[in-house]
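Spelled out from the first residue to the last, the chains are:
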Amino acid sequence: MILSDHTINEYLADGRIVVSPLGAGCVQPASIDVRLDKHILVFRNSRRPFIDVRQDISDMTEMEIACEDQPFMLHPGEFVLGSTLEHVEVPDDLVARLEGKSSLGRIGLLIHSTAGYVDPGWKGNLTLELSNVANLPITLYPGMRIGQLSFAKLTTPADVPYGSPQLGSKYQNQNLPTASRIHLG
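On a predicted model such as this, the values are computed, not experimentally measured, just so you know. (Residues numbered from 1 in each chain as written. Predicted model: local features only at pLDDT ≥ 70, side-chain atom pairs only at ≥ 80, totals over all residues. Heavy atoms only, no water.)

S.K.: Which residues make up the environment of Thr178, and what are the values?
M.R.: Positionally, Thr178 belongs in the segment after strand 13 (145–153). Placed 138 residues apart in sequence, Thr178 and Ile40 show a C-alpha to C-alpha distance of 9.7 Å. Residues within four places of Thr178 in sequence aside, it is in contact with Leu41, Leu81, Thr127 and Tyr171. At a separation of 3.0 Å, a polar atom in the side chain of Thr178 contacts the side chain of Gln174. (Helix = DSSP H or I, 4+ residues; strand = E, 2+ residues; numbered from the N terminus. Contact = heavy atoms within 4.5 Å. Polar contact = N/O pair within 3.5 Å; in protein donor to acceptor, adjacent residues only side chain to side chain.)

Here is the structure:
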């Protein structure tokens, strides 16, 4: 069952769902709009001949800061990591889905490759996998509405929610765009 705006507002009010700061008008009929943070993690492909999934690749990335008067320009075929402006917390009896805004998809902006699923127990800012599949560059402004979160109820609360010590959750409590940590196992 997908949560309606009524239930989302109830859960926000009692702290069961956390989306902070919640933008004005961001609660939609069955989702919450999330906005783009100013930090963009850019890949510097000339630093290595290939990506080895068993090695730390943090030396391949550099953080850039976008601002209102100088947005980040995402070129055709380019892939960068962004982050939601909002800190998100999902209780252990819900799961969230992150999807792009249709208006942005219609100009060729994809906001995730595979990371659209937000586990029960998640806490942190969501990393966005931003790709431009259009033929022209797309401007990315900090604070722009970039995606939407919908929430679905689980049959029971998760026995082992994300962030539990036995899971080894690699991204819990992240607050900036975070590069892959696949090399950690």
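S.K.: Requested: an account of the pairing of strand 11 (residues 123–132), with residues and values cited.
M.R.: Of all ten residues in strand 11, nine are buried; the element is thus mostly enclosed. Of the strand pairs in this sheet, strand 7 (residues 79–89) and strand 11 are connected by eight bridges, and their pairing is antiparallel. Paired with Gly82 across the bridge in strand 11 is Leu128. (Buried < 20%, exposed > 50% of the residue type's maximum accessible area, 1.4 Å probe, protein only. Pairing = 2+ DSSP bridges.)

S.K.: Which residues make up the pairing of strand 3 (residues 31–35), and what are the values?
M.R.: Within strand 3, five of the five residues are buried, leaving the element largely enclosed by the surrounding structure. Side chains of strand 3 alternate between two faces, with Ser31, Asp33 and Arg35 and Ile32 and Val34 buried alike. As judged from the two bridges shared by strand 2 (residues 27–28) and strand 3, these two strands associate in the antiparallel manner. Each residue of the ladder has a partner; that of Val27, found in strand 3, is Ile32. Hairpin connection of strand 2 to strand 3: two residues between the antiparallel strands. Pairing of strand 3 with strand 13 involves four bridges; the strand directions are antiparallel. Its bridge partner being in strand 13, Asp33 is matched across the sheet by Gln148.

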